[in-house]
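# Results of the structural survey
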Amino acid sequence: MASEKNARSVALDAHVRRIDSQDKVATGVLAVIVGLVMLLVVAIIAYILVRGAGRALTPGFLTNPYNDEVVPGILYQLWDSFYMLLVTLVISVPISLGAAIFLVEYAPDNWVTSAAKTAIETLSSLPSIVVGMFGSLFFVVTLGWGISILAGACALTMFNIPILVRTIQQALEDVPRSQRDAALAMGLTRWETTINVLLPAAMPAIVTGIVLSAGRVFGEAAALIFTAGSAPARLNFTSVNFLSPTNPFNIFRPACSLAVYIWRLTSEPTAGSTEIVWGTATVLLACVLLFNLLARLLGKLLSRRLTAE
Amino acid sequence: MANLMPKRRLENIGLGVTGFCVALVALVVVTLIFMVAQQGLTTFFVDGLNPIDFFFGQNWIPEQERYGALPMIVGSFAVTLLSTAFALPVAIGSAIFVVEVAPSFGRRVFQPFIELLVGIPSVVYGVLGLYVINALIKAIFGDAAPTGAGILSGSLVLAIMILPTITTLSMDALRAVPNQYREGSYALGCTRWQTTWHVVLKSALPSLMTAVILGMTRAFGETLAVQMVIGGVERSMPMGLLDPASTLTAALTAGLSNAVSGSVYYHALWSLGLILLAMSLIFILIIHLIGRKGAKANG
Amino acid sequence: MSKFDLSRRQFIGAFGATAALAGLAACNGSTEPAAEGTEGEGTEGAALVGSISCSGATSFQPLVEKARDAFQDANPDVSVAISGGGSGQGLSQVAEGSVQIGRSDVFAEEKLEADQLEGLVDNQVCIVGMGPIVNADVDVTDITTEQLKGIFLGEITDWADLGGTAGTIQVIQREAGSGTRATFEAAVLGGEVAPDSFRPVAEVDSSGTVVEQVAATAGSISYVAFNYMENDGIKALTVDGVEPTQENVESGDFTIWAYEHMYTREDEDESTAAVTKAFIEFMLSDDFAATVVEEGFIPMGDMKVKKDADGNVTAA
């Protein structure tokens, strides 16, 4: 009897030991995996910086045109990237704002709303090259805009809208129910409530979302190759003729963003282009990281100011 | 009454303006689907290509007017499945660690790290793949991979790209598992690993599957990073993982600039685009089905 | 052009981008006199005004960009927007009339349908010669056209068959649809096609990539235009004992070459026709010929042979 009990407790002990060690091994393996992932992230970023920082910090790289004979730079590509981003935001922010407000405030619970939601979801999962080929036919040919910044910005808008709508929607829904109820109880219409109460309260999250989406748009290339072009544009910053293809502000001229420039240089390399590729990749990465940082800072700053009021 | 009218007008304006925005987005999506379908179906209905020859033809040789899309379809599926297979264990493993084992480390350190990976543009991944992974594959396999470009390189690059997507979504999925489940399991004397394996993972399964499908959607549609490393050989079927191949997206990028609009080649490229579009719709459908099934299972 | 303007206004109406509005208000003002200025002139001496676009083949885009720079320096009121896109894009865009000049490195007859060809004018602006290159470690220096054909049809697979050290021949191809590939295959394969089972080790998008890959891949062979042959890690082969040089192309001894075309439209809008014409004339001018040679192309002037769209070579 006693021995049987003893044997049972020995077996239980063994079982406990086994599951304990199993637990330890599993935890150990998982820790190793996490360590490797973090190592991978560090390695990737460090490698890009090491390969490209030298070129990126060369005086003139950021301020020279691509065809400079001494230090070929990326001035035009930088300009084009930021300008195209600006045009994209000018188009996509109002539309996304409107769409998100509709979905949060007005959307009737019927097939129209669910169709609209499905449409936005579809947009978010489309491969970028499909958006690019659609843009190359619809914006470039059907609407007659040609290979242009505008066509490129519209293609980018198609990427940006689902991201923006989702973040703005989330931001509006996160506004405390009590604020909305109080406004409605005071006799404000939904529109007035949205404009005067919800939007200001949601502003920090919305701004953060916009800046974060800007980072994504900034690095997109596949949708631009056939809409905004891939040939480095030649710009003349003193030009006052807004129709000229060299005028930096002309939205009907072809443009080549940093990301597209990298793709083009790797697919059509010339002597010395590898260095430029790494330099440009470093600049692009730095810009995207800055966007992320900026988003966090802006979000914190705005919410502090709002709560201080 | 007179005071109420402007209010109602304001409300109608608000409804009109925001409704217009939604309608515009929906219209663009419908236009896109319609245009891709129209151009892509022209291949079969106007140019008279046999759909069976197109989908199962093993040779894509435009100069001989042979448009068999199978090499690219196989290429796309191969890189998608392989990259998911590479990324999945790592992603789920990290998610388990940072949610179940070290939650505060997960939020403060790991999350920002993995978000860095999301922020890196796909061309930069392509550059890394081209100069690092291809060189590595070439060094390891020697003559079996003379240029290093191929399905394996493409899958490795994609695996890194979809890793953050699957990881962050898996983290969300695990965090959504109610704490009572864990407490119940611990109360029964289960270890952390047993709890994770038998309780947490099981109840998070539908969300984890959604995470995987979203990762696959990204892998399937990823364009330039793959195009830069895969080798671009479309004329016949790839015979192995080290064989240079092509994907639907890579074939489109390379082909669109050479095709004359209105030609059979151009339409055939749009048909490839149509396959991509159809696949992304199918992925969405799968996610919806999983969501519905999960909702049903949870009552 | 009016369709173009309308869609701009539609865009403004729809989106009201203020930056764009300011830009367009200014540019609409400046186009009117520009259009009037070019009308009815074309006589020497009068200043050219207008802007044109030129898209298409990337192979001689650097040359066209050089020409554009010099041309714009001489005509400050003219602007030429140059974009890439490949021969196919260039030809279809000029056929549609969305650009004034479409660059192509093949005859339009090979890409366009008969009805699209109507109204297109073929301006052959220079010649590109191309030849086989191999990895620098390959110990073969001459190749016959027959051997080249054998390699690119997948029949010859080992360098030993060409008298070199044994080793697999790694064929690097240009992508389907490339003008360089079309020219090379027309001159070398003589209408034969590689069997389906034949797989190159890579199909790449550009001559620059060909050079990189050939330099990096042991035992590889490919082909590029003359201007890409001076690179580390690769070497050019002589074909049937003939060196790939400008002189040999001009005399007709070296047979792998093609025209670079800049297609224009007969019925081009007269507000831009004068600029287009002047730009093409500038590309063909004696002054520019030195730049053509510098960039590795061959000016039209000295050719003793000519090719037609079917590839038949005759004395010029």
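Residues numbered from 1 in each chain as written. Chains lettered and ligands numbered in written order. Predicted model: local features only at pLDDT ≥ 70, side-chain atom pairs only at ≥ 80, totals over all residues.

Attention shifts here to the overall build of chain C. The helix and strand tally for chain C stands at eleven helices and 14 strands. The buried share of chain C, reckoned over its 316 residues, is 49%. Partitioning the contacts of chain C with sequence separation of at least 6, the portion at a separation of at least 24 is 71%. (Helix = DSSP H or I, 4+ residues; strand = E, 2+ residues; numbered from the N terminus. Buried ≥ 20, exposed ≤ 12 C-beta atoms within 10 Å, placed from the backbone. Contact = placed C-beta atoms within 7 Å.)

As a further point, take the overall build of chain B. Scanning chain B from N- to C-terminus turns up twelve helices and two strands. If you list the helices and strands of chain B from N to C, you get α-α-β-β-α-α-α-α-α-α-α-α-α-α. Across its three principal directions, the C-alpha atoms of chain B cover 75 × 70 × 35 Å. In chain B, which comprises 299 residues, the share counted as buried stands at 54%. Intrachain contacts of chain B at a sequence separation of at least 6 include 73% that bridge at least 24 residues.

Listed by partner, the interface residues are 60 residues for chain B and 62 residues for chain A. A per-element tally of the side of chain B that touches chain A places helix α1 (residues 4-45) of chain B first, with 20 residues. Class assignment for the residues of the side of chain B that touches chain A results in 40 nonpolar, 17 polar and three charged. (Nonpolar A, V, L, I, M, F, W, Y, C, P; charged D, E, K, R; others polar.)

Before going further, it helps to spend a moment on helix α4 (residues 103-119) of chain B. With 17 residues, α4 of chain B ought to run about 24 Å at 1.5 Å a step, and its terminal C-alpha atoms sit 23 Å apart, in line with that. All of the buried residues along α4 of chain B are G106, F110, I114 and L117 of chain B. (Expected span 1.5 Å × (residues − 1).)

All right, on to the nonpolar core then. With 266 residues, the main nonpolar core has I262 and L284 of chain A together with V25, V124 and V157 of chain B as its most contacted residues. Broken down by element, the residue count for this core peaks at 17 residues, all from helix α2 (residues 75-106) of chain A. Setting aside residues up to four positions removed in sequence, L284 of chain A forms contacts with G219, L258, A259 and I262 of chain A together with P121 and V124 of chain B. (Core = buried A, V, L, I, M, F, W, Y, C linked by C-beta atoms within 7 Å.)

Attention now moves to unusual backbone geometry. In this structure, E65 of chain B takes a positive phi of about 55° despite not being glycine. Mapped onto the elements, E65 of chain B comes out in the loop between β1 (60-61) and β2 (66-67). Note on E65 of chain B: 12 C-beta atoms within 10 Å, which makes it exposed. A positive phi angle, close to 50°, is found at D240 of chain C, a residue other than glycine. You can call D240 of chain C partly exposed: it has 14 C-beta atoms within 10 Å.

Residues and elements named next belong to chain C. On average, residues of chain C carry a pLDDT of 81, and 85% of them reach 70 or more. Contacts for the low-pLDDT stretch residues 1-44, under 50 throughout, to residues beyond four places or in other chains number 43 contacts. Quick note on the complex model: pTM equals 0.86, ipTM equals 0.91. (pLDDT = per-residue confidence, 0-100.)

Here we take up helix α3 (residues 111-125) of chain A. Its 15 residues give α3 of chain A an end-to-end C-alpha distance of 21 Å, which sits within 8% of 21 Å, the value for a rise of 1.5 Å per residue. Listed in full, the buried residues belonging to α3 of chain A are A116, A119, I120, L123 and S125 of chain A.

Glancing now at the pairing of strand β1 (residues 50-56) of chain C. All names here are of chain C. Counted residue by residue, β1 has seven buried out of seven residues, so it is predominantly covered. Side chains G50, I52, C54 and G56 project from β1 onto one buried face, and the interleaved S51, S53 and S55 project onto a second face that is buried too. With six bridges joining them, β1 and strand β2 (residues 78-85) adopt parallel strand pairing. Opposite C54, over in β2, you have I82 as the bridge partner. For the segment spanning β1, helix α3 (residues 61-74) and β2, crossover handedness is right-handed. Both β1 and strand β3 (residues 101-104) contribute to a ladder of three bridges, which runs parallel. Bridge assignment links C54 to a residue of β3, and that residue is I101. (Pairing = 2+ DSSP bridges. Right-handed = clockwise from strand over helix to strand, strands pointing away.)

Before going further, it helps to examine the environment of L24 of chain B. Relative to the helices and strands, L24 of chain B is located in helix α1. Here the alpha-carbon distance between L24 of chain B and V90 of chain B, two residues 66 residues apart in the chain, equals 40 Å.

Across a regular strand the side chains alternate sides, sitting on one face of the sheet and then on the other. Residue and element names in this part refer to chain C. Strand β6 (residues 170-174) sits mainly inside the fold: five of its five residues count as buried. Burial along β6 is two-sided: the residues Q170, I172 and R174 and V171 and Q173 are all buried. Sheet analysis places β6 next to strand β7 (residues 202-204), joined by three bridges and oriented parallel. From the neighbouring strand, R174 faces β7, where its bridge partner is V204.

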